[in-house]
Amino acid sequence: MDEPQRNPGETTAEPAARPAGDDTEQVPPARPVIVDVRDLRKVYATPEHKVTALDGVTLQVAAGCFTAIMGASGSGKSTLLHLVGGLTAPTAGTILVEGHDLAQMSDRARTIFRRRRIGVIFQEYNLLPTLTARENVALPCLVDGRPLRDTRVRVDELLEIVQLQERADHRPDALSGGEQQRVAIARALLNNPAIVLADEPTGNLDSKQSRAIWQLLRDIANQHGTTVLMVTHEAQGAAFADEVVVLKDGKIIGKFEPKGSADAALVATRYQELAG
Ligand code: ADP
Ligand code: MG
């Protein structure tokens, strides 16, 4: 039986310290760490040369936390997301997702784990052009070998979350970029994943549609406890996150916590200070 279990990780963020003698229940329980990355290195070896894409990255992200990853082009952002998503193997270091070591899993177990526990969103929406929005959202269920009727209620619920009930029967070419990305987000959420990985999800969108996507990711983290990791170049988008992690040359060079979505100017300043 190599199918992964769905229990949360064993480690926890910020152990809830209570003063001695205080037996009231005022301190909320610590949230489990969902993504636990230690000393991660990734070296891509090509015939001509070696590229160190990640050079000792350690990062813990708690359940329901929205983390933005910023950094110049080539700093290792996509590589980090791919490693956390189990799409590529690390050269060294460990990655635990919900307490499971992805590198130790069999290929089959990792594939099933990815499909059920990790939702992925890219800059390109990757929708199937011949399917309607509703059918695209339901696609992971078909891939998983389950009948469509099992997910009808869930698909309707998701179309409501992304506010596309009215457009459910449209094909991608009849939808705006922002609407297509919302379909892709609904699809990523179908199996109620523990984490959503979003690699520059608003790279092709105008500012109004981008805001809708950032707000949606924020709501998913707040309301559904989903852990969100989003790569972005935009300070306005990063301001929606609980924490901003800045990468440079494959290393984390700083972290800070924006104070809300109106905090874009502060995020831009902090990022400039760190990344130069
Ligand atoms: P970012 O997403 O921050 O732009 P990436 O993680 O895509 O950065 O890339 C980090 C570095 O690794 C870059 O120098 C890039 O050229 C290199 N790289 C990424 N993917 C590959 C690959 N498949 N083969 C070789 N080099 C790669
Ligand atoms: Mg990238």
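See above for the structure.
Residues numbered from 1 in each chain as written. Chains lettered and ligands numbered in written order. Predicted model: local features only at pLDDT ≥ 70, side-chain atom pairs only at ≥ 80, totals over all residues.

Draft legend 1. Focus on the overall build of the chain. A tally of regular secondary structure across the chain gives eight helices and 10 strands. C-alpha atoms of the chain, sized along the principal axes, occupy 55 × 50 × 45 Å. The buried share among the 276 residues of the chain stands at 42%. Considering only contacts within the chain whose residues lie at least 6 apart along the sequence, 70% involve residues at least 24 apart. (Helix = DSSP H or I, 4+ residues; strand = E, 2+ residues; numbered from the N terminus. Buried ≥ 20, exposed ≤ 12 C-beta atoms within 10 Å, placed from the backbone. Contact = placed C-beta atoms within 7 Å.)

Draft legend 2. Quick peek at the nonpolar core. V84, L217 and L229 are the most contacted members of the largest nonpolar core, which has 74 residues in total. Dropping the residues within four chain positions of it, L217 is found in contact with F66, A198, V228, M230 and F240. (Core = buried A, V, L, I, M, F, W, Y, C linked by C-beta atoms within 7 Å.)

Draft legend 3. Spatial organisation of the site of ligand 1. Around ligand 1 sit Y44, T46, V51, A53, G71, S73, G74, S75, G76, K77, S78 and T79, and that is every residue in its neighbourhood. Broken down by element, the shell around ligand 1 gets its largest block of residues, three residues, from helix α1 (residues 77-84). Taken together, the residues of the shell around ligand 1 sort by class into three nonpolar, eight polar and one charged. (Near = placed C-beta within 6 Å. Nonpolar A, V, L, I, M, F, W, Y, C, P; charged D, E, K, R; others polar.)

Draft legend 4. Quick peek at the environment of M230. For M230, the position within the fold is in strand β8 (residues 227-231). C-beta crowding within 10 Å serves as the criterion here: with 28 such atoms nearby, M230 is assigned to the buried category. The sequence separation of M230 and P201 amounts to 29 residues, and the corresponding C-alpha distance is 7.7 Å. For M230, the residues in contact, after removing those within four places along its chain, are A68, I69, A198, P201, L217 and A241.

Draft legend 5. How the structure looks around the sheet that holds β8. Taken together, six strands build an open sheet; the order of strands is β6-β7-β8-β3-β9-β10 and the sheet is mixed. Pairing within the sheet leaves two strands with one partner each, and these edge strands are β6 (118-121) and β10 (251-256). Shown here is a sheet whose adjacent strand axes are inclined to one another by a mean of 20 degrees, direction ignored. Inspection of the sheet shows strand β3 (residues 66-70) paired to β8 by four bridges, in the parallel sense. Within the sheet, the bridge partner assigned to I69 lies in β8 and is V231. Contacts from α1 reach β3, β7 (195-199), β8 and β9 (243-248), with the element oriented near 150 degrees to β8. Where helix α5 (residues 177-189) meets the sheet, it contacts β6 and β7, and its direction lies at approximately 165 degrees from that of β6. (Pairing = 2+ DSSP bridges. Axes fitted to C-alpha atoms, helices over the stretch in contact; angles between N-to-C directions.)

Draft legend 6. Structural context of the environment of V228. Its place among the elements puts V228 in strand β8. On a C-alpha basis, the gap between V228 and L142 in space is 24 Å, while along the polypeptide they are 86 residues apart. Sequence-distant contacts of V228, defined by excluding residues within four places in its chain, comprise F66, T67, V196, A198, L217, I220 and A221.

Draft legend 7. How the structure looks around the pairing of β8. The buried count for β8 comes to five of five residues, which makes it a mostly enclosed element. By the alternation rule, side chains of β8 split into T227, L229 and V231 and V228 and M230, which are all buried. Examined bridge by bridge, β7 and β8 share five bridges and lie parallel to one another. Across the sheet, I195 pairs through a bridge with T227, a residue of β8.

Draft legend 8. Spotlight on the packing of α5 against helix α6 (residues 207-224). One way to put it is that α5 packs onto α6 with a least axis distance of 9 Å and a crossing angle of 15 degrees. In terms of their interaxial angle, α5 and α6 are classed as roughly parallel. Crossing of α5 against α6: the hand is right-handed. Across the interface between the two elements, G177, G178, Q181, R182, I185 and L189 from α5 touch Q209, A212, I213, L216 and I220 from α6. Along the lines of polarity and charge, the residues of the contact of α5 with α6 split into six nonpolar, four polar and one charged. (Parallel < 35°, antiparallel > 145°, perpendicular 65-115°, else oblique. Left-handed = near helix turned anticlockwise from the far one by under 90°.)

Draft legend 9. Spotlight on the sheet that holds strand β5 (residues 100-101). Overall, antiparallel pairing links the four strands, which are arranged β2-β1-β4-β5 in an open sheet. The open sheet has two free edges, formed respectively by β2 (50-62) and β5, since each of these has just one partner strand. Relative to strand β1 (residues 33-45), α1 is tilted by about 120 degrees, and along the sheet it contacts β1, β2 and β4 (92-97).

Draft legend 10. How the structure looks around the pairing of β1. Here β1 pairs with β2 via 10 bridges, running antiparallel. Within β2, the residue paired with R41 across the bridge is D55. Hairpin connection from β1 to β2: four residues lie between these consecutive antiparallel strands. Pairing of β1 with β4, which is carried by five bridges, proceeds in the antiparallel orientation. Bridged to R41 within β4 is A92.

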